[in-house]
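# Inside the fold
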Amino acid sequence: TMALIDNFISVLRRVLSRTFYPVLQQAIGIGSAFEGWTAREEEIVYQVLVPLTPPLGHVFHLEHDTDQQKAGRNFRVRVELECRCPREYQGMNMLCFQHHPDVIRRMTQQPNLLDTLCTGSYLDVKKIVRWFCTLVGASWRRLPQSRSWHLTLLPSKRSCNLRLTNSQESFQVKVLFGVRRHTSDIFISSRRRGAHTPSTIWPESYAVAETKFFRYMAWQVPQDSSHLKCLQLLARVLARKDFSIHSIKTIVMHLLHKVPVSQWHRRHFLLQLSDALEQLHLSLEEKHLEHFIVGNQRLPDEIRLPPDVQRAKPSNLFHSLAQDPAAHSQAMQAYLDL
C-alpha cells in the first residue's frame with residue numbers, strides 16, 4: 001500500500017515540479033491498519049496522511065481558530081506570498097512573488113496558490129481534495145500497479161478515497177492531507193470533525209503520534225503480547241454497540257502506558273480484556289475519558305509534541321455524554337447489554 005502511494009507521490013511531484021501548487025511530501029501511514037489491528041471484518045481501509053509544504057514564493061501561517069462552538073482544536077492555513085527582495089531593495093526585485101505577482105505569473109505561465117486552492121487567503125480542503133483526485137485519475141496509467149489493479153475513485157469531500165481491486169482481492173486507501181506543526185508529530189489535517197466542517201478549517205490531528213506510540217510499544221511488550229488482539233476484539237464488539245472506536249483505542253493506549261509490559265503476555269489475555277472493559281465502565285460512569293496525546297507529558301521521547309499541546313489540559317472524549325443525559329443513559333445501557 002505504501003509503495004503504491006509513494007509511487008503516486010513520486011509521479012505527481014514530477015508533474016508539479018514547475019508549478020506553484022503545494023509540495024507533496026512522503027506519505028505517512030496512520031490508523032489501525034498501520035498499527036497492526038482493524039475493527040473491520042470486511043474490506044481493509046488503509047489511511048495515509050500526505051504532508052503539504054508551501055511552494056516556492058509562498059508561506060503557510062497556521063492560525064488557531066478560537067470559535068468555541070466547534071469541537072476540538074482547529075486551525076486555518078493562511079497563505080501569503082513571500083517577499084524575495086534583498087533587504088535594501090524592497091519592491092525592486094522583479095522576481096518577487098509578493099511585490100510583482102503579475103510578472104511571475106506572466107513569466108511562468110502558472111497561477112500562484114492563492115489563485116487556485118484557496119478561498120480568500122486560506123487553504124481550502126475541498127479544493128485540494130478535488131485537485132489531488134483529478135491528478136490521481138490522470139496519472140494512474142503511469143504507475144506499474146495499473147497493469148494488475150483496477151482503480152476506482154470514491155466520492156468524498158475531505159479526503160481522496162481510492163478502491164483497488166483485482167481478480168482476488170480489494171482494499172481501500174483513504175488519503176488525507178496535513179500541514180505539520182513545527183517539527184512535531186502533530187499535524188492539522190483535512191479529516192472531517194463534526195457534521196459540518198467548513199472547508200477552510202483544518203482540525204488538529206494526533207494520528208501520527210498515536211501510530212508512533214503503537215510502534216514504540218511493539219518494541220517494549222513481550223513477543224507474544226496480545227494487546228493488539230485485545231484492542232481488535234474490543235473494537236469489533238463495541239463498534240456494534242455504537243461505541244466510538246477511538247474511545248476504545250484510547251483506553252487501551254492508557255493501559256499500555258501504565259500497566260507493566262510484562263503483564264501483556266498472551267496468557268493474560270482475559271485479564272487485559274477485563275481491565276479494558278472495567279476502565280470503559282468507570283469512564284462511562286464518570287462521563288470522563290482523557291485524551292491520550294493532548295496534555296500527556298510522559299510520552300516516549302520519540303513522540304514529539306508542540307509545547308502548547310504538551311501543556312494543554314487533556315480534553316474529555318466523553319464530554320458529549322456529560323452534556324446529554326439521554327446519550328449517557330443509552331451508552332450505559334449499551335455497556336450493560338454486552
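Residues numbered from 1 in each chain as written. Predicted model: local features only at pLDDT ≥ 70, side-chain atom pairs only at ≥ 80, totals over all residues. Heavy atoms only, no water.

The next point concerns the environment of S17. Within the secondary structure, S17 is located in the loop between α1 (2–15) and β1 (23–24). A relative accessible area of 54% places S17 in the exposed class. Separated by 38 residues in the primary sequence, S17 and P55 place their C-alpha atoms 9.4 Å from one another. A polar atom in the side chain of S17 sits 3.1 Å from the backbone oxygen of R14. (Helix = DSSP H or I, 4+ residues; strand = E, 2+ residues; numbered from the N terminus. Buried < 20%, exposed > 50% of the residue type's maximum accessible area, 1.4 Å probe, protein only. Polar contact = N/O pair within 3.5 Å; in protein donor to acceptor, adjacent residues only side chain to side chain.)

Turning our attention to the pairing of strand β10 (residues 170–180). Burial within β10 is extensive, with eight of its eleven residues counted as buried. Two strands pair when backbone bridges link them, and strand β3 (residues 45–53) and β10 are joined in this way by seven bridges, in the parallel orientation. Opposite Q47, over in β10, you have K174 as the bridge partner. One ladder, built from six bridges, connects strand β9 (residues 160–165) with β10; its direction is antiparallel. If you follow T165 over to β10, its bridge partner there is S170. (Pairing = 2+ DSSP bridges.)

The next subject is unusual backbone geometry. Phi is positive for H182, which is not a glycine, with a value near 55 degrees. The residue H182 is located in the loop between β10 and β11 (187–189) in this model. With relative accessibility at 61%, the residue H182 sits in the exposed group. One non-glycine residue, K287, lies in the positive phi region at around 55 degrees. With respect to the helices and strands, the residue K287 is situated in the loop between α9 (269–286) and α10 (307–311). Of the residues examined, K287 reaches a relative accessible area of 30% and is grouped as partly exposed.

Attention now goes to the packing of aromatic side chains. Within this structure, the stated rule accounts for eight aromatic pairs. Aromatic pair F34 and Y46: ring centres 5.8 Å apart, planes at 65 degrees, arrangement edge-to-face. Taken as a pair, F34 in helix α2 (residues 32–35) and Y46 in strand β3 lie far apart in primary sequence, twelve residues in all. An angle of 55 degrees between the planes, with centres 4.7 Å apart, marks the rings of F213 and F292 as tilted. Here F213, found in helix α6 (residues 207–220), pairs with F292, found in the loop between α9 and α10; they are 79 residues apart in sequence, far enough to count as distant. Classification of F292 by relative accessible area gives buried; the value is 1%. Through successive ring pairs, a cluster of aromatic residues spans F34, Y46, W149 and F171. (Phe/Tyr/Trp six-rings, centres within 6.5 Å; stacked < 30°, edge-to-face > 60°.)

What follows covers a negative patch on the surface. Negative charge collects at one region of the surface, where D275, E278, E285 and E286 lie side by side. Looking at the element boundaries, E285 is found in helix α9. (Patch = residues over 30% accessible without salt bridge, like charges linked within 9 Å, V, L, I, M, F, W, Y side chains within 5 Å. Areas by Shrake-Rupley, 256 points an atom, 1.4 Å probe, with all protein chains shown as cover. Salt bridge = Lys/Arg side-chain N within 4 Å of Asp/Glu carboxyl O. Lys, Arg positive; Asp, Glu negative; His and termini not counted. Charge placed at Lys NZ, Arg CZ, Asp CG, Glu CD.)

It is worth spelling out helix α7 (residues 227–239) at this point. A rise of 1.5 Å per residue sets the reference length of α7, with its 13 residues, at 18 Å; its end C-alpha atoms lie 18 Å apart and thus fit the reference within 8%. Check the buried side of α7 and you find it contacts α6, α8 (245–258) and α9. (Expected span 1.5 Å × (residues − 1). Contact = heavy atoms within 4.5 Å.)

Evaluation of the coordinates by the stated rule reveals eleven salt bridges. Where K212 meets D185, a salt bridge forms, and the shortest distance between an N and an O atom there is 3.1 Å. Placement of the pair is K212 in helix α6 and D185 in the loop between β10 and β11, with a sequence separation of 27 residues. Given the relative accessible area of 3%, D185 is considered buried. K249 is the salt-bridge partner of E210, the closest N and O atoms lying 3.0 Å from each other. One end of the pair, E210, is in helix α6; the other, K249, is in helix α8, and 39 residues separate them in sequence. Across this residue pair, the class does not change: E210 and K249 are buried. Members of the salt-bridge network, linked through shared partners, are R73, R181, E204 and D308.

Note that strand β4 (residues 58–65) and strand β5 (residues 74–81) share eight bridges and pair antiparallel. Following the sheet pairing, V59 is matched in β5 by E80. Both β5 and strand β12 (residues 202–205) contribute to a ladder of two bridges, which runs antiparallel. Looking at the pairing, F75 lines up with W202 of β12.

Here the domain parsing of the protein chain yields domain 1 (1–205) and domain 2 (221–337). Computed over C-alpha atoms, the centres of domain 1 and domain 2 are 30 Å apart. Domain 1 puts 16 residues into the contact, and the matching count from domain 2 is 17 residues. Each partner contributes to the roughly 1,400 Å² buried at the junction of domain 1 and domain 2, and carbon and sulfur atoms together form 55% of this total. Where domain 1 touches domain 2, the interface holds four salt bridges. Across the pair R181 and D308 runs a salt bridge whose closest N-O atoms are separated by 3.0 Å. There are seven residue pairs in polar contact (both at pLDDT 80 or more) connecting domain 1 and domain 2. By residue class, the composition of the side of domain 1 that touches domain 2 is three nonpolar, five polar and eight charged. (Domains from an automatic or database assignment. Buried area = accessible area lost by both parts, 1.4 Å probe. Nonpolar A, V, L, I, M, F, W, Y, C, P; charged D, E, K, R; others polar.)

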